[in-house]
Amino acid sequence: RPLMIYGRKQIQNESDILWDYVACFYPEGNMGDKTQFLFNHEDIEEVISKGYTDETWEDFIKRMREFYKEI
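1. Here's the deal with the side chain of D20
Working step 1: Here D20 is to be found in strand β2 (residues 18–25).
Working step 2: Note on D20: relative accessible area 17%, which makes it buried.
Working step 3: Within polar-contact distance, the side chain of D20 engages the backbone nitrogen of H41 at 2.8 Å.
Working step 4: Setting aside anything within four residues of it in sequence, one finds D20 in contact with G7, R8, K9, F39, N40, H41 and E42.

Structure follows, in structure tokens:
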């Protein structure tokens, strides 16, 4: 089933592990903890759609990449 990413750089509460993404089923959306999935960039097999992007999103991604290069 396709997943929709709705968050980046998420910490899993139980293990304190930092994951690249949090996603939920598409098209249903986030329906609670049992339908949320944490995974890393290398786990993505296919990108079906990149969704909405604009200058704000591009700036956010740029700043986030710079931040994670430093740590």
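2. Here's the deal with unusual backbone geometry
Working step 1: For the bond from Y26 to P27, the omega torsion is 15°, close enough to zero to count as cis.
Working step 2: One non-glycine residue, K9, adopts positive backbone phi at about 50°.
Working step 3: Looking at where K9 falls in the secondary structure, it is placed in strand β1 (residues 3–11).
Working step 4: On the basis of relative accessible area, K9 is assigned to the partly exposed category, the value being 27%.
Working step 5: The backbone phi angle of D16 is positive, close to 65°, even though this residue is not glycine.
Working step 6: Counting through the fold element by element, D16 comes out in the loop between β1 and β2.

3. Examining helix α1 (residues 55–70)
Working step 1: Over its 16 residues, α1 runs 23 Å from end to end, which matches the ideal 22 Å to within 8%, given 1.5 Å per residue.
Working step 2: If you check the start of α1, you find a side-chain oxygen 3.0 Å away from the backbone N of T56, and it comes from D54.

4. A word on the environment of L3
Working step 1: If you trace the backbone, L3 turns up in strand β1.
Working step 2: When the C-alpha positions of L3 and K50 are compared, they lie 12 Å apart, and in sequence the two are 47 residues distant.
Working step 3: Non-local contacts of L3, meaning those with residues more than four positions away in its chain, are made with A23, C24, F25, Y26, F37 and F39.

About the cut-offs
- Residues numbered from 1 in each chain as written.
- Predicted model: local features only at pLDDT ≥ 70, side-chain atom pairs only at ≥ 80, totals over all residues.
- Heavy atoms only, no water.
- Helix = DSSP H or I, 4+ residues; strand = E, 2+ residues; numbered from the N terminus.
- Buried < 20%, exposed > 50% of the residue type's maximum accessible area, 1.4 Å probe, protein only.
- Polar contact = N/O pair within 3.5 Å; in protein donor to acceptor, adjacent residues only side chain to side chain.
- Contact = heavy atoms within 4.5 Å.
- Expected span 1.5 Å × (residues − 1).

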